[in-house]
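# Geometric and topological summary
Below, each chain spelled out in residue letters.
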Amino acid sequence: KEWKVYFNDYGFGDRHDGILPYRWSKDEKYLFAVAYSRISGCCWIGGKYNLLLRLNLQTGEQTALINGSRGSDPTFSFTISEDDRFLLATPMSNQPYDFTVLDLLSGKTRVVKLKEVKPIDLEFAVMSPYEDIIVLPLFKNIEFNDYVIESLVIVDLKSKKQRVLVSNLKDDEELYPIRWLDSEHILVSNANPSFSSEKESAKYWSININTGERIQVEEP
């Protein structure tokens, strides 16, 4: 089967714009695809994309889950839960904090307002296997268009409670959430998972979300 997807069906593009595959769904029914924003900088956080699509590989139906490709080119960051049930996304506005959680099955949306008002990038957020807890990093701006991770926070979607898991990280001590190891532990790394060049020097730790205990582990 061959399905054709055109950027101009969703926004006002030019020869620099295009749509690229993002990932397959676990059941192989869907392909998620994205368009990158051209206003991103070298050290930008939270604004890499301006379009997220879901293509049904059985019917060819295309769904624009988030579309910021028209008008002033607003951008967003996002992540999709491991089982493809939930979409976490920042709003398409100048507000660099807070986010929504969209249930892709029911269509219901909830808004999460962070107590710590700091920039976020949901590309690095991880959702628990039971889809009730989210761990994400908070950034701080150290100079123009340059951000570093300052802390990790836990958001409990059921109780609506939030708390800081790791705080006061130094510029050279950043911790990126990688994935959940089980219901109580997450894997973190000092290397940005978006940059393959950093993988050779990467170190990994397991963090207990209840006690904050951090144990160094081998490369997974």
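Scroll up for the structure.
Scoring rules and cut-offs
Residue numbers here run from 1 along each chain, matching the order of that chain's written sequence. With pLDDT at 70 or above as the cut-off, local features in this predicted model cover only qualifying residues; side-chain atom pairs require 80 or more to be listed or tallied, and sums for whole chains, interfaces and linings still use all residues. With hydrogens and water excluded, all non-hydrogen atoms of the structure serve as input to the side-chain values. Salt bridges are defined as contacts in which a side-chain nitrogen from Lys or Arg sits within 4 Å of a carboxyl oxygen from Asp or Glu. Labels follow the DSSP assignment, with helices taken as runs of H or I lasting at least four residues and strands as runs of E lasting at least two, numbered in each case from the N terminus. In this analysis, strands are considered paired if DSSP registers two or more bridges between them. Nonpolar cores were defined as sets of buried Ala, Val, Leu, Ile, Met, Phe, Trp, Tyr and Cys residues, with membership established by side-chain atoms within 4.5 Å. Three exposure classes are used, based on accessible area relative to the maximum for each residue type with a 1.4 Å probe and protein chains only: buried under 20%, partly exposed in between, and exposed over 50%. It only takes one pair of heavy atoms within 4.5 Å for two residues to be counted as in contact.

### Quick notes on the pattern of salt bridges
On inspection of all chains with the given rule, the structure shows eight salt bridges. Taking the shortest distance from any N to any O, the salt bridge between Glu-123 and Lys-48 comes out at 3.1 Å. One end of the pair, Glu-123, is in the loop between strand E8 (109-112) and strand E9 (126-127); the other, Lys-48, is in the loop between strand E2 (30-36) and strand E3 (49-56), with 75 residues separating them in the sequence. Residue Asp-171 pairs with Lys-140 through a salt bridge whose shortest N-O separation is 4.0 Å. With Asp-171 in the loop between strand E12 (162-166) and strand E13 (176-180) and Lys-140 in strand E10 (residues 133-143), the pair connects residues that are 31 residues apart, well separated along the chain. The structure contains a network of salt bridges with shared partners spanning Glu-116, Lys-118 and Glu-150.

### Remarks on the sheet that holds E12
As summarised here, the arrangement of the four strands in space is E9-E10-E11-E12, forming an open sheet in which the pairing is antiparallel. Only two strands of the sheet have a single neighbouring strand rather than two, namely E9 and E12. Inspection of the sheet shows strand E11 (residues 146-156) paired to E12 by four bridges, in the antiparallel sense. Within the sheet, the bridge partner assigned to Val-153 lies in E12 and is Val-164.

### Thoughts on the nonpolar core
Ranked by size, the top nonpolar core spans 20 residues in total, and within it Leu-175 and Ile-186 carry the most contacts. When residues of this core are traced back to their parent elements, those giving at least two are E10, E11, E12, E13, strand E14 (185-189) and strand E15 (204-208). Contacts of Ile-186, omitting those with residues within four sequence positions, involve Val-135, Leu-165, Arg-179, Trp-180, Leu-181, Trp-205, Ser-206, Ile-207 and Ile-209. Judged by nonpolar contacts, the second largest core, of 16 residues, contains Phe-86, Leu-88, Phe-99 and Leu-157.

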